[in-house]
Amino acid sequence: MDKLTYEKALKDKGYKFIAGCDEAGRGPLAGPVVVASCIMPLDDLIIGIDDSKKLSEKKREELYKEIIEKAISYKIAIINEKVIDEINILNATKKGMEEAINGLNIKPDYALIDAVKGLNLICDYNPLIKGDSLSYSIGCASILAKVTRDKLMQDYAKIYPEYAFEKHKGYGTKIHIEALKKYGKCEIHRETFIKNFVN
């Protein structure tokens, strides 16, 4: 399927500024959920855009730079672990999506979003299942979110070296769970996610 199918259909209806939006970090035991939104030019496409999880770290970082350079507008929202514990991960993701889309410095006419419904946005939107694989705009947003979050977790790894965040980015890998059991939690762990691993 053409990754511009949804964008082209919206353009044909007269929509000019179409935002893509996606998150990174819904599943980890530690760190924030990061949401990115971007309005991309559709007449000057970046080659290689895909669901960020399918790309190598090196490729994601190269594409990230190109997306930032070419974006008509982009916004990244970071919702920390305290808020995730307070309002739950789905509501934290929604909060991030609302901040990222409503905070764009060019008002979008329409937004294509990866799978999440029930948002309070300044424009109409379409929640697409597996949207980061189906839509160019969502794919660009997924790369912005993933690269931003990975960099944050690498920075946290320097503060909390015993957890090896640079390796697993806070996800519940064997090495992470073993570190949790050995050292207990740190400041950036999500209390509601780790209760099965720490006393």
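Just so we're clear, the structure is a prediction, and the values are computed from it rather than from any experiment.

Reading guide: rules and limits
Positions within a chain are numbered from 1, following the residues in the order the chain's sequence is written. With the structure being a predicted model, the display of local features is reserved for residues of pLDDT at least 70 and the display and counting of side-chain atom pairs for 80 or more, all residues being used for whole-chain, interface and lining totals. For side-chain calculations, the full set of non-hydrogen atoms in the structure is used, while hydrogens and water are omitted. Buried residues are those whose accessible area, probed at 1.4 Å on protein chains only, stays under 20% of the maximum for their type, while exposed residues exceed 50% and partly exposed ones sit between those limits. Numbering of helices and strands runs from the N terminus, with a helix taken as a DSSP run of H or I at least four residues long and a strand as a DSSP run of E at least two residues long. Any two strands between which DSSP finds at least two bridges are classified as paired. Counted as salt bridges are all cases of a side-chain nitrogen of Lys or Arg within 4 Å of a carboxyl oxygen of Asp or Glu. Using a grid of 1 Å spacing that covers the protein atoms alone, one calls a set of points a cavity when a 1.4 Å probe fits there but cannot get out, and a pocket when the set is open and has protein on both sides within 12 Å along at least five of seven lines; lining residues are those with an atom within 4 Å of a point. Grid points are joined across faces, edges and corners, and a volume is the space filled by probe spheres set on the points.

Engineer: For the pairing of strand S1 (residues 18–24), give the residues involved together with the corresponding values.
Structural biologist: Looking down a regular strand, the side chains alternate between one sheet face and the other. In terms of burial, S1 is largely enclosed, as seven of its seven residues are buried. Judged by which residues are buried, S1 turns out to be covered on both faces: Ile18, Gly20, Asp22 and Ala24 on one side and Ala19, Cys21 and Glu23 on the other are all buried. Pairing analysis gives six bridges linking S1 to strand S2 (residues 33–39), with the strands arranged antiparallel. Looking at S2, one finds that Gly20 is bridged to Cys38.

Engineer: How would you summarise the pattern of salt bridges if you had to cite specific residues and measurements?
Structural biologist: Counted according to the given criterion, the structure contains 14 salt bridges. The residue Glu191 makes a salt bridge to Lys185 at a minimum N-O spacing of 2.7 Å. With relative accessibility at 44%, the residue Lys185 sits in the partly exposed group. Via salt bridges that share partners, Asp44, Glu66 and Lys70 belong to a single interconnected network.

Engineer: I'd like to hear about empty space enclosed by the protein, residue by residue, with values.
Structural biologist: If you walk through the whole model with that rule in mind, you get one cavity of 30 Å³ or more. In this model, the largest cavity occupies a volume close to 40 Å³. Lining the largest cavity are Glu57, Arg60, Glu61, Val147, Asp150, Lys151 and Gln154. Elements with a contribution of two residues or more to the lining of the largest cavity: helix H2 (57–70) and helix H6 (136–159). Top element by residues in the lining of the largest cavity is H6. It accounts for four residues.

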